[in-house]
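# Chains, contacts and geometry: an overview
If you want the building blocks of each chain, they are given just below.
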Amino acid sequence: MIDNPADNVTGSSQPVTGIDTPASVQDVVRLVRAARTAGTPLYPFSTGLNFGYGGKSPVLPGCRLVDLSRMNRILNADQISLDNPVAVIEPGVTQAQLHEFLQRHCPELGFNVTGSARTTSILGNALDRGVGYFGPRREDVFGLEVVCGTGEIIYTGFRGPRDKTVCEFPPDHPRDEGPLAHSHPYGLGPMVDGLFFQGNFGIVTSACFRLVPKPPCQVALSLALRDEADLGVFIDALARLKRDNLITSVTHIGNQARSHASLMSGMVAYFESACGFAPARARAEAEQALRLIAPGEWTSLGAVTGTRAQVRACLDEVKRRMRGLARVKVMHTELIERAYKLTHALRFLRFGRANAAALAAIRPLHNLAIGVPTDAAIDNLLWRFGADGLTAGELDKSRCGLVFINPALPLDGQLVRRIIAALKDIARSYGHELYITVNIETATSLVAVINLLFDREVDAEVEKAHACARALLAHLRAEGLEVYRARADMMAEIVAHDPAKWEVVRRLKQTFDPANIIAPGRYNRPD
Ligand SMILES: Cc1cc2nc3c(=O)[nH]c(=O)nc-3n(C[C@H](O)[C@H](O)[C@H](O)COP(=O)(O)OP(=O)(O)OC[C@H]3O[C@@H](n4cnc5c(N)ncnc54)[C@H](O)[C@@H]3O)c2cc1C
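## Quick look at the sheet that holds strand β4 (residues 86-89)
The sheet built from four strands is open, its strands ordered β4-β10-β8-β9 with antiparallel pairing. Where the open sheet ends on each side, the last strands, each with one partner, are β4 and β9 (153-155). When the angles between neighbouring strand axes are averaged without regard to direction, this sheet yields 15 degrees. Summarising the sheet, strand β8 (residues 141-148) and strand β10 (residues 202-210) pair through six bridges and their orientation is antiparallel. Each bridged residue has a counterpart across the sheet, and for Val-146 the counterpart in β10 is Val-204. Where helix α1 (residues 25-38) meets the sheet, its contacts fall on β8, β9 and β10, and the angle it forms with β8 comes to roughly 45 degrees.

Have a look at this one:
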């Protein structure tokens, strides 16, 4: 059997007819024009690591993949500074690349990182409306350059050639853009940016990405809910902390299955390397240690940032509000390092090594809170599916099966608690455990990131996971809810659900891509 480059962890992929790897905007224009003439649809991706949402797989069969990862320049590299905190990036720029660039050239700046692999893109993630540690990535991106399905280049916001008598930058010349191009996010008139997020109207070839000055003081907070029955009250209390700007990051509230899964491989690695345990013993100790260290069902992680005095005052207020409801732990890099040294020295005691192992596993995850991308979450999956030899970017090559089913929810603690309980029951009836993180993303809404794990090499497992995902979606819809981000294999269900809305989207498609050449069926009707 010939491997399909679109095979991915969801266990669902469409056959593709080939793959192109353009290196410039002009290459992309040529590809689109040729595809339009030939009537061959294209499916663009930035780095193609859309794990759990369909990877590189198009929605419909017969597309040619357009791999944009060679377009990986930071176009304004020499202009980025604390006073100009915007990177103009191409789709192939990865989290690791931007992080390393900033460390070298402007270490005072960071950016909103996600928990996915270091080699994932920034633009592809934002265009699929991914969520970073500090908020939705969509809010970090403006000023797009897009090659539409007509082969024309369009610009959003105030981007584009300064000379308004020409439609595109002359190739092989330095780009001459006006002073507002990289600074004013909105432009004038209707904001068309939104059409290119979770859309299929064009191929985005560059965009402005907001960078964030590192705050003088930044600590991570872990809040462990004491009584599972209080989940609703806990969510409401955390929502108020967010609205009152006391917690500045997205607040992630993970269930035990999720927290344990995130820490397991790091802890096993510690027991094996630092204590010299054989794999079976290391695993047994890690399981025991997790029960000791994270005994509760729900733990929330967030960040508090500001000046030292602001952070101190915020922490006092958080602790006051959480009294009796949750155990509050404050973590910062030096504290973790100090505690690790101490507990590591005590590793001959069960308690000492349990804590040292937990701290070793927490370290990279804590780094996310301070803007350092990490492969830790993906490495956990590779380890779990016996594929430690693969890199994080190769997860799709492992037997790991993963589908996301991620509802948007109103910020109403009791409703969220009820919905989650019902979803867990449905999953249980399919023999699935749900891995859940509830993320308080905005002042009024949250999203739940829920995944099902399965062995992709067992057909029955794949079928069961997808049947379970469909049942979960059916329940959400019966409650009047919807997912906030969809897998490639869900698109037909998405557009069937609200025909009037998707008819409008289809009509817009006819303006930007009349031949339906770009990613047909992606967040749009297939026709
Ligand atoms: C353990 C784990 C943790 C994860 N953590 C997170 C997380 O914290 N936050 C999060 O958001 N996701 C997360 N993910 C999901 C996923 O891995 C990331 O969202 C990842 O960034 C998406 O892959 P990518 O950046 O390569 O995007 P791509 O796969 O390149 O793009 C995604 C889709 O957007 C469209 N697209 C991409 N680029 C373009 C373009 N230039 N023009 C037009 N359309 C385009 C395509 O349809 C493409 O399929 C996680 C997954 C796992 C398994």
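Next comes the rest of the write-up.
## A short note on α1
In this model α1 runs 20 Å from its N-terminal to its C-terminal C-alpha over 14 residues, within 8% of the 20 Å that 1.5 Å per residue would give. Those residues of α1 that fall on the buried side of the exposure criterion are Val-25, Val-28, Val-29, Leu-31, Val-32, Ala-35 and Arg-36. Along the axis of α1, the buried residues cluster in a sector spanning 165 degrees; they form a single face. Away from its buried face, by an angle of more than 90 degrees, α1 presents the exposed residues Thr-37 and Ala-38.

## Topic: helix α4 (residues 231-243)
The periodicity of an α-helix, 3.6 residues per turn, causes residues three or four places apart in sequence to face the same way. Over its 13 residues, α4 runs 18 Å from end to end, which matches the ideal 18 Å to within 8%, given 1.5 Å per residue. For α4, every residue scored as buried is listed here: Leu-231, Phe-234, Ile-235, Leu-238, Ala-239, Leu-241 and Lys-242. Take α4 and look down its axis: the buried residues cluster within an arc of 160 degrees, on one side only. Following α4 by one or two positions, Asn-245 has its phi on the positive side, about 60 degrees.

## Points about unusual backbone geometry
Its identity as a non-glycine residue notwithstanding, Asn-516 has a phi of 55 degrees, on the positive side. Residue position: Asn-516 is located in the segment after α14 (499-512). The residue Ala-519 is not glycine, and still its phi comes out positive at about 40 degrees. You can see Ala-519 is positioned in the segment after α14.

## Re the pairing of strand β14 (residues 298-306)
Side-chain positions along a regular strand alternate between the two faces of the sheet. Counting buried positions along β14 yields eight of nine residues, so the element is predominantly enclosed. Where strand β12 (residues 217-225) and β14 come together, eight bridges link them in antiparallel fashion. Residue pairing in the sheet places Val-219 in a bridge with Val-304 of β14. Note: strand β13 (residues 251-255) against β14, four bridges, orientation antiparallel. Note that in β14 the partner of Gly-254 across the bridge is Thr-299.

## As for the sheet that holds strand β1 (residues 16-20)
One open sheet holds the three strands; their spatial order is β1-β3-β2, and the pairing between them is parallel. Because the sheet does not close on itself, it has two edges, and the strands there are β1 and β2 (42-45). Ignoring strand direction, the axes of neighbouring strands in this sheet form an average angle of 25 degrees. Along the sheet, α1 contacts β1, β2 and β3 (63-67); its crossing angle with β2, the most-contacted strand, is approximately 160 degrees.

## Describing the nonpolar core
Met-267, Ala-357 and Ala-358 are the most contacted members of the largest nonpolar core, which has 151 residues in total. By residue number, the principal contributor to this core is helix α9 (residues 350-369), which donates 11 residues.

## Comments concerning the site of the ligand
Close to the ligand lie 31 residues, the nearest being Ser-46, Asn-50, Gly-124, Asn-125 and Gly-130. Mapped onto the shell around the ligand, the elements with two or more residues apiece are β2, α3 (123-127), β10 and α10 (376-384). The greatest single-element share of the shell around the ligand, amounting to four residues, is contributed by α3. Grouping the constituent residues of the shell around the ligand by class yields 16 nonpolar, 13 polar and two charged.

Definitions and cut-offs
- Residues numbered from 1 in each chain as written.
- Predicted model: local features only at pLDDT ≥ 70, side-chain atom pairs only at ≥ 80, totals over all residues.
- Pairing = 2+ DSSP bridges.
- Helix = DSSP H or I, 4+ residues; strand = E, 2+ residues; numbered from the N terminus.
- Axes fitted to C-alpha atoms, helices over the stretch in contact; angles between N-to-C directions.
- Contact = placed C-beta atoms within 7 Å.
- Expected span 1.5 Å × (residues − 1).
- Buried ≥ 20, exposed ≤ 12 C-beta atoms within 10 Å, placed from the backbone.
- Arc of directions from axis to C-beta.
- Core = buried A, V, L, I, M, F, W, Y, C linked by C-beta atoms within 7 Å.
- Near = placed C-beta within 6 Å.
- Nonpolar A, V, L, I, M, F, W, Y, C, P; charged D, E, K, R; others polar.

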